[in-house]
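# Per-entry structural report
Listed below are the residues making up each chain.
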Amino acid sequence: QVQLVESGGGLVQAGGSLRLSCAVSGRTFSSYHMGWFRQAPGKEREFVAGINRSGGRTSYADSVKGRATISRDNAKNTVYLLMSSLKPEDTAVYYCAADTTSLFLKSGYLSYDYWGQGTQVTVSS
């Protein structure tokens, strides 16, 4: 069983920055592709960023490209999402997810089989 626990959400002013963390249980964290998704009220869950097992490849949604950085520390079983130049439209619940089966990094949420409980990010204008 893989458990994911997000932290670091909160209220931030537009233009500010926030770093989200996701601690992952299990001995084989380094074998998982990891992703961050978000869901705003009334909207579908959307991909934000992903990182492959080794951390050597990353992928970003166009809406956050240039403002987001995903990283991982396999020694600490943790994945991070640094968001800068935040906008009110970034307001959402942010979810960390693990893909334990795919060969390559994916952006579709159906590829991810374990999810955290989510952390709220609110950006005020």
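Before reading on, note that the structure itself is shown above.
Residues numbered from 1 in each chain as written. Predicted model: local features only at pLDDT ≥ 70, side-chain atom pairs only at ≥ 80, totals over all residues. Heavy atoms only, no water.

### Here's the deal with the pairing of strand β9 (residues 92-99)
Stated precisely, the cut-off is as follows: Exposure classes here rest on a 1.4 Å probe applied to the protein chains alone. A residue is buried below 20% of its type maximum, exposed above 50%, and partly exposed in between. Strands are runs of DSSP state E lasting at least two residues, helices are runs of H or I lasting at least four, and both sets are numbered from the N terminus onward. In this scheme, strands are said to pair when DSSP sees at least two bridges between them.
Along β9, seven of the eight residues are buried, which leaves the element largely enclosed by surrounding structure. Bridging between β9 and strand β11 (residues 119-124) involves three bridges; their strand directions are antiparallel. Bridging from a neighbouring strand, Val-93 pairs with Gln-120 of β11. Sheet topology note: the β9/strand β10 (residues 114-115) ladder contains two bridges and is antiparallel. Paired with Ala-98 across the bridge in β10 is Tyr-114.

### A look at the pairing of strand β1 (residues 4-7)
Side chains of β1 alternate between two faces, with Leu-4 and Glu-6 buried and Val-5 and Ser-7 left unburied. The pairing of β1 with strand β3 (residues 18-24) spans four bridges and is antiparallel. When the bridges of β3 are listed, Val-5 appears paired with Ala-23.

### Comments concerning the sheet that holds strand β7 (residues 68-73)
Where we set the bar: A fitted line through C-alpha atoms represents every axis, and for helices the fit uses only the stretch in contact; the resulting angles, taken between N-to-C directions, go from 0 to 180 degrees.
Spatially, the four strands line up as an open sheet ordered β1-β3-β8-β7, and their pairing is antiparallel. Every other strand in the sheet has two partners, leaving β1 and β7 as the edge strands with one partner each. The average undirected angle you get between the axes of adjacent strands in this sheet is 15 degrees. Two strands pair when backbone bridges link them, and β7 and strand β8 (residues 78-83) are joined in this way by six bridges, in the antiparallel orientation. Residue pairing in the sheet places Thr-69 in a bridge with Leu-82 of β8.

### Describing the nonpolar core
What tends to happen in soluble globular proteins is that the nonpolar side chains get buried as a cluster. Definition in use: Among buried residues, those of type Ala, Val, Leu, Ile, Met, Phe, Trp, Tyr and Cys that are joined through side-chain atoms within 4.5 Å constitute a nonpolar core.
The biggest cluster of nonpolar side chains holds 35 residues, and the ones touching the most others in it are Met-34, Trp-36, Val-79, Leu-81 and Tyr-94. For this core, the element with the most residues is β9, which contributes five residues.

### What to know about the pattern of salt bridges
Put simply, the rule reads: The salt bridge criterion pairs a side-chain nitrogen of Lys or Arg with a carboxyl oxygen of Asp or Glu, the two atoms within 4 Å.
Following the criterion strictly, the structure yields four salt bridges and no others. Here Glu-46 makes a salt bridge to Arg-38, at a shortest N to O gap of 2.6 Å. Residue classification places Glu-46 among the partly exposed residues on the basis of a relative accessible area of 34%. Taking the relative accessible area as the measure of exposure, Arg-38 reaches 5% and is therefore buried. A salt bridge links Lys-65 to Asp-62, with the nearest nitrogen and oxygen atoms 3.2 Å apart. We note that Lys-65, like Asp-62, is exposed. Within this structure, Arg-38, Glu-46, Arg-67 and Asp-90 form a network of salt bridges that share partners.

### Some words on unusual backbone geometry
At Asn-77, a residue that is not glycine, the phi angle is positive and equals roughly 50 degrees. Assignment of secondary structure puts Asn-77 in the loop between β7 and β8. Residue Asn-77 is classed as buried on the basis of its relative accessible area of 19%. Backbone geometry at Ser-85 places phi at a positive 45 degrees, although glycine is not the residue there.

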